[in-house]
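If you want the building blocks of each chain, they are given just below.
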Amino acid sequence: GVGILVRVQMGNDEVSPLLRKPPPPEGRPAILLPSRRILMPGATRTLHLYDQNLLCALEKALETDATLALVSYDVESRVFVPGPGTLASIIHVEHATRMNFRNETSASKMVTITGLSPFRVNSITQFEPYVVADLKELKPEDTPAPSESQCESIRSLCSEVASLRLDLDLGILEAAADGTPDDTEANLPGVSSSAPGSRVMLALTAAQHVEPECRAAALVLSGEELGEYVSSELLKARSKLAAMKALSGLG
């Protein structure tokens, strides 16, 4: 047979490179989400995690600061390219079970998270046994804010869109792939004119109410460009929902 001689010299802690553990990957434990299912900062949602790599990412996050990086990606693209994402705080974890198509059960977790701040992905530094993303956090308090008048318009439009969704019995998202109903909540925060970060958070949270495929784009915008984008997309959502309400005979 073939053997490898490894020399360990305890006197000066010299150890063969073959025994050294590789350094941990740089970044945060991450979950990859289709861009239409991204959670915006300020919004809250419960995720049902059952794939082993997702449960592993959850475990690693809970070992540190209880935050997960939610990385968006385009499901239509033939090549995986990470999009912008949201850093989310884990606020509650429950043990659960999942049944597959063979009626076999396995352990899973119901995890409630709240979006904290947007980020850009520098790189994905690991895919297995769980995803790790090296990212640049875009903290709302360090980001140019929409104007106060834009925020007033966003709040009004968001209220109208939420009311139309309620009338039509439509959630913010359709049920997940495993049939778990969506429980996303995106209640707008109060706004302080002296705290631009609160205006950024209002616009980003309101973006949870626009059409699903348009949400992630707001994560990398700032200032009046962010305010204009969210207002414009809320107007489109309001028009679409109003048309649906008229066609349903509820108007």
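Please refer to the structure placed before this passage.
Residues numbered from 1 in each chain as written. Predicted model: local features only at pLDDT ≥ 70, side-chain atom pairs only at ≥ 80, totals over all residues. Heavy atoms only, no water.

(A) Summary view of the pairing of strand S8 (residues 131–137). For strand S3 (residues 28–34) and S8, the ladder comprises three bridges, and the chain directions are antiparallel. What sits directly across from Pro29, in S8, is Val132. Here six bridges tie strand S7 (residues 105–126) to S8, and the two strands are oriented antiparallel to one another. Note that in S8 the partner of Val121 across the bridge is Leu135. Taking the residues that link successive antiparallel strands as the turn, the S7-S8 hairpin has four residues. (Pairing = 2+ DSSP bridges. Helix = DSSP H or I, 4+ residues; strand = E, 2+ residues; numbered from the N terminus.)

(B) Structural context of the pattern of salt bridges. Tallying each qualifying case throughout the model produces eight salt bridges. For Glu160, the salt bridge identified is with Arg238, shortest N-O distance 3.1 Å. Of this pair, Glu160 sits in helix H2 (residues 148–168) while Arg238 sits in helix H4 (residues 223–248), and the two are 78 residues apart along the sequence. Overall, Glu160 belongs to the partly exposed group, its relative accessible area being 33%. We classify Arg238 as partly exposed; its relative accessible area is 27%. The salt bridge partner of Glu233 is Lys236, with a shortest N-O separation of 3.2 Å. Here Lys236 and Glu233 lie together in helix H4, a separation of three residues that amounts to about one turn. Of the residues examined, Glu233 reaches a relative accessible area of 7% and is grouped as buried. (Salt bridge = Lys/Arg side-chain N within 4 Å of Asp/Glu carboxyl O. Buried < 20%, exposed > 50% of the residue type's maximum accessible area, 1.4 Å probe, protein only.)

Purely spatial values, then, with no claim about function.
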